[in-house]
Amino acid sequence: MTARILIVGSGPTGATHARVLLEQLTDVSVLVVEAGPLVSRPAGTNVKNIPDPEEQAAARLASQGPSSESGVSGIPGGVVVEGTITARQGTHLIGRAADGSPGMPAAAGATCVGGQGVHWTCATPRPVGSERIPFLDAAEWEELVTEAEGLLHVHRPDFAGSPQATAILETVRAEFAPDGITVRPLPVAADPRPDGSLRWSGTDVVLDGVPDDERFTLRPETLCVRLVREGDRVVGAVLRDLRTGEEEEVRADAVVVAADALRTPQLLWASGIRPAALGRYLTEHPLLFGVVAVRPDLLPEREDPTAPVDPIRAIVSVGFDEERHPYHAQLMWNPVSPAPLPEGSRFRDNPAGYVGMGWGIRKWPRPEDRLTFEDDRPDEHGLPGIRIAYELTEREEAEFARARVHQARAAAALGEFLDGMPKVMPAGSSLHYMGTVRMGPADDGTSVCDPLSRVWGVPGLVLAGNGLIPTANSCNPTLTSVALAIRAARALAADLADVPAVAGAASE
Ligand SMILES: Cc1cc2nc3c(=O)[nH]c(=O)nc-3n(C[C@H](O)[C@H](O)[C@H](O)COP(=O)(O)OP(=O)(O)OC[C@H]3O[C@@H](n4cnc5c(N)ncnc54)[C@H](O)[C@@H]3O)c2cc1C
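Note that the structure is predicted; figures quoted are calculated from it, not measured.

## Re the UniProt feature "domain: Glucose-methanol-choline oxidoreductase C-terminal" (unreviewed entry) in the chain
No. 1: Within the UniProt annotation, "domain: Glucose-methanol-choline oxidoreductase C-terminal" (unreviewed entry) is assigned to residues 374-485.
No. 2: When the span residues 374-485 is considered, its composition is 26% helix and 12% strand, and the gap between its end C-alpha atoms is 29 Å.

Laid out in C-alpha cells, this is it:
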C-alpha cells in the first residue's frame, strides 16, 4: 500500500517533512501544495542568489501575494537591511488589528514556492537555555538541531576577507568581555563559494536529495481551502487551482500543515478544527533597531572602496545569556547607510560606513495575545479574515530598557547613533511569529499539538512551522522549527509504516 501524504506549504518546514518522509518511506507519495507561484529555480532557491537585480526584484514582487500589484498588501522594496530589521521585500502584510488592540501592524508572510525561506536572511543561531523547549529530551534535541543544521547547510563564517566586520567583532567583543557575554560571527545557512562569497540556502537545499520521481509532486499556485474530516480524523483536503479556480478533494493518509504561524491556524479554523489554544499565545521578537555611523579610526581602509559589499556575509552576533544578556543581537557593517539620511545630515557619506544593529528581545506567551478569525470578513482567497490582538507588557518593556543599555554600549564603542536612533520597530517587524499552534506536554487547553506536532484529538493531522514554538525566546526560529519538523516527520513515517492506508487514498 502506498502511503499518501499531503503537505500544505512549501517553506523550510514543509520541505523538511517532504525530505524526511521520502527518505524514511519507500512506498510513499508526497504531494506539496503551495498557494504562491514558482519564483526561483531550482524550486525554492533563495532569491538573493539570483544574479540579475531585475530578476531578483521580480521574484520578490511575485512573492508578495495576490494583492501585490494593486499595492494593497504588497510592500514595495525599501532600504532596510535584511537580518537587522528583517527586510520586507518579498513579503506582504497579513491580518488586521483586533478591535481595541494595537495589533501587529507589520505582520507579514511570503506566498511563493519556498515560502519565506526564499527571502530569509539565513541567520541560524542555536536556541540556548530557557529558549529551548523544556519537555523535549536535551540529548535528542542536540542531535535534531545538528541534523537541522545539516539540512539547511549551516556555515560558521570566520570573517576571512572581511576586515571591517572583524574589527567590529573585536571592538564589540572587547566591550562585552568583562561581562562574560559572548560575541562571535553569526552562523548562517549558506555554502561558501570558491571566491569567498556565499550561496544562500533556500528550500532548494532541503529538497536537494529528494528523488525526482513520481513519489514527489510540488504543485504551485494551489491553495488548500480546507481540511476534510471523517469523524475526528483528517482524511484529505479541498484544493483550489488558483489559475483556473477549479477545486478538487484529495484524500491522504496524513496531512501536514506548514502554512506559517498566521495561516496554519487560519486553515484549521476554516476546517472547523478549533481547539481552545488555537491562535493564542502569539509571540515574536520585539525589535530595538539602530544605525551607528562608525568612528573614522576604527576600521581598516578598504582595498577597493567601489567593490560591492554584502552586509549579511559577516554578521556579528551578541548571543543570548540567561543572566547577562537575555536577548540576541545582530550587527552588520555596510558602507552605505541602511537608513535614509536627510539632506544636510552630518552623518551622510560617513567614510568608515555604518553598522546596523538589532536587539531582538523575548515576548512572554499570554493567551490574550492572539489571532481571531472572521468568517464574515474573509481574506482575498475567501478564507476567514485574520485579526490580531497583541500588546507588550511591563515585562517586555523592562527587557527593552535593559537591552537599550547593552545596545548603547555597543554603539558608543563603534561610533555614534544616527539622529532618532535607536527605535522600537513596529510589532511584527521580526517576521518571527510563534506560539499560535504551540506544542505542549499535555492536552490541557494551553496547546494545540503534542510534542510530535500532532494536533491533540485529530488523528491524521500534523503541523509544522514557527507557530509550534511555545517558549519565550529571542533566537531566529527557523533552525528550531526545522528540527521539530525532522522529529515530527520521523514519527509520522514510523506511524505510516504500521498503519493501513485511509480508504480512497491512492494505493498501488
Ligand atoms: C526577509 C526575511 C528574513 C528572515 N530572516 C530569518 C533569519 O535570518 N533567520 C530565521 O530563522 N528566520 C528568518 N526569517 C523567517 C523564516 O523565513 C521563517 O522562519 C521560515 O521560512 C518558516 O518556514 P515555514 O516552512 O514554517 O513557513 P514559510 O516559509 O512561511 O512557508 C509557508 C508557506 O505556506 C504557504 N501557504 C499558506 N497558506 C496556504 C494554504 N492555505 N494553501 C497552500 N499554501 C499555503 C505560503 O504561501 C508559504 O509559502 C525571515 C523571513 C523573512 C521574510
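This is not the end of the story, as more comes after the structure.
## Side note on the site of the ligand
No. 1: In the vicinity of the ligand, 38 residues are found, and the nearest of them are Thr-13, Glu-34, Gln-116, Asn-466 and Thr-478.
No. 2: Contact distances for the ligand include 3.1 Å between a nitrogen atom and a backbone N or O atom of Ala-35.
No. 3: Measuring from an oxygen atom of the ligand, one finds a backbone N or O atom of Ala-123 at 2.9 Å.
No. 4: The fraction of the free accessible surface of the ligand (1000 Å²) that becomes covered by protein chains is 99%.
No. 5: Among the elements of the structure, helix H1 (12-24), strand E11 (222-230) and helix H6 (260-270) are those that each provide at least two residues to the shell around the ligand.
No. 6: By residue class, the composition of the shell around the ligand is 16 nonpolar, 19 polar and three charged.

## Observations regarding the sheet that holds strand E9 (residues 198-200)
No. 1: Sheet architecture is open: three strands sit in the order E6-E8-E9, paired in antiparallel fashion. Strands at the two margins of the open sheet, each flanked by one partner only, are strand E6 (154-155) and E9.
No. 2: Looking at chain direction, strand E8 (residues 188-192) and E9 are connected through three bridges and run antiparallel. The residue bridging Asp-191 from the neighbouring strand is Arg-199, located in E9.

## Things to note about the sheet that holds strand E20 (residues 385-389)
No. 1: Spatially, three strands are ordered E4-E20-E19 in an open sheet, and the strand pairing comes out mixed. Among the strands making up the open sheet, the edge pair consists of strand E4 (96-97) and strand E19 (370-374).
No. 2: Strand direction decides the pairing type here: E19 and E20, joined by five bridges, are antiparallel. Within the sheet, the bridge partner assigned to Arg-370 lies in E20 and is Ala-389.
No. 3: H6 contacts E19 and E20 of the sheet and is inclined by roughly 45° relative to E19.

## What about the environment of Gly-14?
No. 1: Within the secondary structure, Gly-14 sits in helix H1.
No. 2: Under the relative-accessibility criterion, Gly-14 is labelled buried at 0%.
No. 3: With sequence-adjacent residues up to four places away left out, Gly-14 is seen in contact with Ile-7, Gly-9 and Ala-258.

## Here we look at the UniProt feature "domain: Glucose-methanol-choline oxidoreductase N-terminal" (unreviewed entry) in the chain
No. 1: UniProt marks residues 221-286 with the feature "domain: Glucose-methanol-choline oxidoreductase N-terminal" (unreviewed entry), using the numbering shown here.
No. 2: End C-alpha atoms of residues 221-286 are separated by 32 Å, and the span's content is 17% helix alongside 41% strand.

## Remarks on the packing of aromatic side chains
Each aromatic ring pair is characterised by the separation of its centres together with the angle its planes make.
No. 1: Applying the stated criterion across every chain yields a total of one aromatic pair.
No. 2: The aromatic ring of Tyr-390 is capped on one face by Lys-363, whose charged end is 5.3 Å from the ring centroid.
No. 3: A cation over an aromatic ring shows up here: Arg-438 above the ring of Tyr-281, its NZ or CZ 4.0 Å from the ring centre.

## Quick word on the confidence of the model for the chain
No. 1: Residues at a pLDDT of 70 or more form 94% of the chain, whose mean pLDDT is 92.
No. 2: Low pLDDT, under 50, characterises residues 68-87; the predicted model gives this stretch 53 contacts beyond four residues in sequence or across chains.
No. 3: Every residue in residues 501-508 scores below 50 in pLDDT, and together they form 18 contacts with partners more than four places removed in sequence or on other chains.

## Concerning the packing of H1 against helix H8 (residues 478-498)
No. 1: One way to put it is that H1 packs onto H8 with a least axis distance of 8 Å and a crossing angle of 35°. The interaxial crossing formed by H1 with H8 has right-handed handedness. On H8, the residues that touch Pro-12, Thr-13, Thr-16, His-17, Val-20, Leu-21 and Gln-24 of H1 are Thr-478, Ser-481, Val-482, Ala-485, Ile-486, Ala-488, Ala-489, Arg-490, Leu-492 and Ala-493.

## Comments concerning the side chain of Ser-40
No. 1: Within the fold, Ser-40 resides in the loop between strand E2 (28-33) and helix H2 (53-62).
No. 2: From its side chain, Ser-40 meets the backbone oxygen of Thr-45 in a polar contact 2.7 Å long.
No. 3: Those residues in contact with Ser-40, other than ones at most four positions away along the chain, are Thr-45, Ile-50 and Val-118.

## What to know about the nonpolar core
No. 1: Counting residues in hydrophobic clusters, the biggest one holds 84 residues, and the most contacted among them are Leu-227, Leu-461 and Leu-463.
No. 2: When residues in this core are grouped by element, the largest group, ten residues, is from H8.
No. 3: If we ignore the near neighbours within four places in the chain, the residues touching Leu-227 are Val-234, Gly-236, Ala-237, Val-255, Val-257, Leu-267, Leu-268, Ser-271, Ile-273 and Leu-461.
No. 4: By size, the runner-up hydrophobic cluster in this structure holds 43 residues, among which are Ala-167, Leu-299, Ala-410 and Leu-418.

## Considering the state of the cysteines
No. 1: The tally for this structure, following the rule as stated, stands at zero disulfides.
No. 2: This cysteine, Cys-224, is not joined by any disulfide, and Cys-449 carries the nearest cysteine sulfur, 16 Å off.

## Comments concerning the environment of Val-20
No. 1: Tracing the chain through its elements places Val-20 in helix H1.
No. 2: Under the relative-accessibility criterion, Val-20 is labelled buried at 5%.
No. 3: Residues Val-20 and Val-210, spaced 190 residues apart in sequence, show a C-alpha to C-alpha distance of 8.9 Å.
No. 4: If near-sequence neighbours (up to four positions away) are discounted, Val-20 is found in contact with Ile-486, Ala-489 and Arg-490.

Cut-offs and rules
Residues numbered from 1 in each chain as written. Predicted model: local features only at pLDDT ≥ 70, side-chain atom pairs only at ≥ 80, totals over all residues. Heavy atoms only, no water. UniProt positions renumbered as here; feature names shortened; annotations may be inferred. Helix = DSSP H or I, 4+ residues; strand = E, 2+ residues; numbered from the N terminus. Near = heavy atom within 4 Å. Polar contact = N/O pair within 3.5 Å; in protein donor to acceptor, adjacent residues only side chain to side chain. Areas by Shrake-Rupley, 256 points an atom, 1.4 Å probe, with all protein chains shown as cover. Nonpolar A, V, L, I, M, F, W, Y, C, P; charged D, E, K, R; others polar. Pairing = 2+ DSSP bridges. Contact = heavy atoms within 4.5 Å. Axes fitted to C-alpha atoms, helices over the stretch in contact; angles between N-to-C directions. Buried < 20%, exposed > 50% of the residue type's maximum accessible area, 1.4 Å probe, protein only. Phe/Tyr/Trp six-rings, centres within 6.5 Å; stacked < 30°, edge-to-face > 60°. Lys NZ or Arg CZ within 6 Å of the ring centre and 35° of its normal. pLDDT = per-residue confidence, 0-100. Left-handed = near helix turned anticlockwise from the far one by under 90°. Core = buried A, V, L, I, M, F, W, Y, C linked by side-chain atoms within 4.5 Å. Disulfide = S-S within 2.5 Å.

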